[in-house]
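# Overview (structure and organization)
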Amino acid sequence: MQIFQLFLIVLLSVIYVTSAGLIGGAQEIPNDDSHALEALSFALHEAYPNEHPTGKIIRATKQLVNGLKYELTVEVTLKNKCIVKQFGVWKRAGPPGELLVENTQLDAQCA
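Residues numbered from 1 in each chain as written. Predicted model: local features only at pLDDT ≥ 70, side-chain atom pairs only at ≥ 80, totals over all residues. Heavy atoms only, no water.

## Brief notes about the packing of aromatic side chains
Under the definition given, this model contains 0 aromatic pairs. The ring centre of tryptophan 90 lies 5.1 Å from the NZ or CZ of arginine 92, which sits over that ring. (Phe/Tyr/Trp six-rings, centres within 6.5 Å; stacked < 30°, edge-to-face > 60°. Lys NZ or Arg CZ within 6 Å of the ring centre and 35° of its normal.)

This is the structure:
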């Protein structure tokens, strides 16, 4: 009976952790999430180092992978032109810290 109870506890723990999006699964986060906005600021600075674009997050997800990885779909405005981009920002647990791992222009129109 104790083995069954232990098995049940482990099974329920795995289901809880997996459903909470804590192990490898991406989960949607609000577009105004403070960490997503920090990741956006970092991505814009890395992608456009000598320019000053503005960005508006359309969709944001985060994923736990040796730190946190943010996937951001963003409307980027630069010099009165708007494009939709996908940025991936990985905030690693150790050095070097933040990395821009994706910078892709999408075939989509700004709203």
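## Here's the deal with the sheet that holds strand S4 (residues 81-92)
Here 5 strands make up an open sheet; going across it, the order is S1-S2-S3-S4-S5 and the pairing antiparallel. Bordering the open sheet on either side are strand S1 (27-29) and strand S5 (98-105), each of which pairs with just one other strand. Taken over all neighbouring pairs, the strand axes of this sheet differ in orientation by 25° on average, direction set aside. Bridge count for strand S2 (residues 54-64) against strand S3 (residues 67-78) is 10 bridges, and the pairing is antiparallel. The residue of S3 that forms the bridge with glutamine 63 is lysine 69. (Pairing = 2+ DSSP bridges. Helix = DSSP H or I, 4+ residues; strand = E, 2+ residues; numbered from the N terminus. Axes fitted to C-alpha atoms, helices over the stretch in contact; angles between N-to-C directions.)

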